[in-house]
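# Breakdown of the fold
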Amino acid sequence: MPDIPLGVLDLVPISSGSSAPEALRNSIELARRAEEFGYARYWFAEHHLNPGVAGTSPAVVLALTASATSTIRLGSGAVQLGHRTALSTVEEFGLLDALHPGRFDLGLGRSGGRPSPPLPSATPVVDGRAPNGLRIPPRFSFERLLGSPRIALQRKLLLLPKAESQEYGEQIDDVLALLAGTYRSPEGVEAHVVPGEGADLELWILGSSGGTSAEVAGRNGLRFAANYHVSPASVLEAADGYRAAFQPSDVLDKPYVSVSADVVVAEDDETARELATGYGLWVRSIRTAEGAIKFPTPDEARAHVWTDEDRELVQDRIDTQFVGSPARVADQLEQLQEAVGADELLITTITHAHTDRVRSYELLAEEWRRRGHSSQSS
């Protein structure tokens, strides 16, 4: 099996009984430890109006984390462009690169639009399994989320009055032009971003399907991060769509794919399952559009009375979370990597206790290294 680097995707989760400041301190400490453990990347997600998630501004948290680490690559997973401009994004990451040159990944994602319709995948799925046995669950419908008052309010508060999001492909083109120093307005006016132009950033497009994001990443010859941990049903479609659209660029001569996974590792399967007990209730809060709750203790999660509707909301996520001993989870990650043909894996782990979360990443890194995988990315 080829060397497959591991990275970290951090939502800056807040546990029940804790606070946003503590969650931020914990995430910065985890980044330091991840660097020690040999992880290749540490990315921060962007989420808004969630009681249990403090990662609202990747650039701000990245600036703090860069000062606390020295070698691990840092990045956004992802900056949500639906409520931002290309200029503001390039300026922010230009500032980061000016202070810590060559360390940042600019991961870009869509937001505010409707999900792409399902597309056929080149990889067959039979009885809910990929050819190598990876579980591919039924597709979850996000219509309920898109129609929720909270999501509507979030969009209203993030956008200026009467503002409309720029078309995503055009926005990516503008980001690339501003970074390269080749931007021209339709009238021929130049724009030069200082700092930002010429910044040593590694660009990634994040996507959950084979639609717009995959096509934009492929057309521009950029790296692509497929999303198994949020949308496992469409991960093969996303990777296949990206590869089908790929055109060589100055950055890449062939497709380059990362894939994410929800993971909890402990010394044994039983302990890991206990640590992961709160995951279903936490996912339920997201899927009901109330916003991610503070991550519950196992006892708090067990106190919830589950309905059939509740279980249906979260089943795909529970079925595709990798939970267990280091060997069990590493086997599952290798299966995911093989099914998607991934060049890297991006690991997201949430437990109630910070020490358990750190230990999960440590145990996984030890097992991954024991299997001969490198921590270096291409």
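What comes next concerns the included structure. (Residues numbered from 1 in each chain as written. Predicted model: local features only at pLDDT ≥ 70, side-chain atom pairs only at ≥ 80, totals over all residues. Heavy atoms only, no water.)

The next thing to look at is the overall build of the protein chain. Broken down by element type, the protein chain carries 14 helices and 10 strands. A compact globule built from 378 residues should have a C-alpha radius of gyration of about 21 Å, and the protein chain, at 20 Å, falls within 12% of that. The dimensions of the protein chain, computed from C-alpha atoms along their principal axes, are 65 × 50 × 45 Å. In the protein chain, which comprises 378 residues, the proportion classed as buried is 56%. Within the protein chain, residue pairs in contact and separated by at least 24 positions form 76% of the contacts whose partners lie at least 6 positions apart. On the protein chain, roughly 16300 Å² of surface is accessible, and the fraction owed to carbon and sulfur atoms is 52%. (Helix = DSSP H or I, 4+ residues; strand = E, 2+ residues; numbered from the N terminus. Rg over C-alpha atoms; globule rule 2.2 N^0.38 Å. Buried < 20%, exposed > 50% of the residue type's maximum accessible area, 1.4 Å probe, protein only. Contact = heavy atoms within 4.5 Å. Areas by Shrake-Rupley, 256 points an atom, 1.4 Å probe, with all protein chains shown as cover.)

Attention shifts here to the pairing of strand β5 (residues 104-109). Counting buried residues along β5, six of its six residues qualify, which places the element largely inside the surrounding structure. Note: strand β3 (residues 73-76) against β5, two bridges, orientation parallel. Directly across from Gly75, in β5, lies its bridge partner Asp105. Alignment of strand β4 (residues 79-80) against β5, held across two bridges, turns out to be parallel. Looking at the pairing, Val79 lines up with Leu108 of β5. Each parallel crossover has a hand, and the one from β4 via helix α3 (residues 86-99) to β5 is right-handed. (Pairing = 2+ DSSP bridges. Right-handed = clockwise from strand over helix to strand, strands pointing away.)

As a further point, take the packing of aromatic side chains. Inspection of the entire model under this criterion finds nine aromatic pairs. Ring centres of Tyr228 and Phe322 lie 6.0 Å apart, and the angle between their planes is 35 degrees; on these two criteria the pair is classed as tilted. Of this pair, Tyr228 sits in the loop between β7 (223-227) and α8 (235-245) while Phe322 sits in strand β9 (residues 322-324), placing them 94 residues apart in sequence. In this structure, Tyr228 and Phe322 share a single accessibility class: buried. Between Tyr242 and Phe246, the ring centres sit 5.9 Å apart and the planes meet at 75 degrees, which makes this aromatic pair edge-to-face. We note that Tyr242, like Phe246, is buried. Through a chain of ring-to-ring contacts, the aromatic side chains of Trp43, Trp204 and Tyr256 assemble into a single cluster. Across the ring face of Tyr256, the terminal group of Arg223 is positioned such that the distance to the ring centre comes to 5.5 Å. For the cation-ring pair, Arg287 lies above Phe140, with the distance from its terminal atom to the ring centre recorded as 3.6 Å. (Phe/Tyr/Trp six-rings, centres within 6.5 Å; stacked < 30°, edge-to-face > 60°. Lys NZ or Arg CZ within 6 Å of the ring centre and 35° of its normal.)

The subject of this paragraph is the side chain of Thr288. Residue placement: Thr288 occurs in the loop between α10 (279-287) and α11 (298-302). Residue Thr288 is classed as buried on the basis of its relative accessible area, which comes to 18%. Side-chain polar atoms of Thr288 contact the backbone oxygen of Ser285, separated by 3.2 Å. Every residue in contact with Thr288, bar those within four places of it in the chain, is listed here: Arg144 and Leu313. (Polar contact = N/O pair within 3.5 Å; in protein donor to acceptor, adjacent residues only side chain to side chain.)

Counting 97 residues, the largest nonpolar core has Tyr39 and Leu333 as its most contacted members. With residues up to four places along the chain from it excluded, the contact list for Leu333 reads Ala261, Val263, Phe322, Leu345, Ile347, Leu364 and Trp368. (Core = buried A, V, L, I, M, F, W, Y, C linked by side-chain atoms within 4.5 Å.)

Let's shift gears to the pattern of salt bridges. Following the criterion strictly, the structure yields 25 salt bridges and no others. Notably, a salt bridge pairs Glu267 with Arg359, separated by 3.0 Å at the nearest N-O pair. Taken as a pair, Glu267 in the loop between β8 (257-265) and α9 (269-275) and Arg359 in helix α14 (residues 354-370) lie far apart in primary sequence, 92 residues in all. The class of Glu267 is partly exposed, set by a relative accessible area of 49%. (Salt bridge = Lys/Arg side-chain N within 4 Å of Asp/Glu carboxyl O.)

Attention shifts here to the environment of Thr307. With respect to the element layout, Thr307 can be found in the loop between α11 and α12 (308-319). Given a relative accessible area of 39%, Thr307 falls into the partly exposed group. With 248 residues separating them in the primary sequence, Thr307 and Ala59 have C-alpha atoms 39 Å apart.

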